[in-house]
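# Summary of structural features
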Amino acid sequence: MNDMAPLFLAGLAGLFLGTFFFGGLWWSLAKGLTSSHPGLWLFTSLMVRMGLTLAGFYAVGGGQWQRLVACGLGFVIARFVVMRFAGALNPSTADGGQHAPHP
């Protein structure tokens, strides 16, 4: 049972990293749409998010592939959670982007 604790913690770390990465993407896209320099927003956001996420994976993995897999699984789960949350905040995309035709 003690072998599962590091994997569980790695999964939680993956959830955190995924929430940071995809939540940051959602936030930077919203900021970029209203910015006078959207390219700068998006490029800077990409570099910060990618750098911190990769550093997080490196630290969590600790040279053990099992931890990397657990972290990656948490990361993917966080993607779906953030997508669901972002869709709930934006009602125009809540139906999957399919809208009734306008008269």
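What counts and how
Residues numbered from 1 in each chain as written. Predicted model: local features only at pLDDT ≥ 70, side-chain atom pairs only at ≥ 80, totals over all residues. Heavy atoms only, no water. Phe/Tyr/Trp six-rings, centres within 6.5 Å; stacked < 30°, edge-to-face > 60°. Helix = DSSP H or I, 4+ residues; strand = E, 2+ residues; numbered from the N terminus. Buried < 20%, exposed > 50% of the residue type's maximum accessible area, 1.4 Å probe, protein only. Lys NZ or Arg CZ within 6 Å of the ring centre and 35° of its normal. pLDDT = per-residue confidence, 0-100.

## A word on the packing of aromatic side chains
- Under the counting rule described, the total for this entry stands at six aromatic pairs.
- With 5.8 Å between their ring centres and 50° between their planes, F21 and F75 make a pair best called tilted. Here F21 is found in helix α1 (residues 4-34), whereas its partner F75 is found in helix α3 (residues 65-89), with 54 residues between them in sequence. A single burial state applies to F21 and to F75, both of which are buried.
- Residues F22 and F75 carry aromatic rings whose centres are separated by 5.1 Å and whose planes lie at 50° to one another, so their mutual orientation is tilted. Here F75 lies in helix α3 and F22 lies in helix α1, a separation of 53 residues in the sequence.
- Put simply, the rings of F21, F22, F57 and F75 pair up and form one aromatic cluster.
- Here R49 stacks its cationic end above the ring of F21, 4.6 Å away from the centre of that ring.
- Above the plane of the ring of F80 lies R79, whose end atom (NZ or CZ) is 5.3 Å from the centre.

## A short note on the confidence of the model for the chain
- Put simply, the chain has an average pLDDT of 87, and 84% of its residues get 70 or more.
- For the chain, per-element mean pLDDT is lowest for α3, which scores 91, and highest for helix α2 (residues 38-61), which scores 95.

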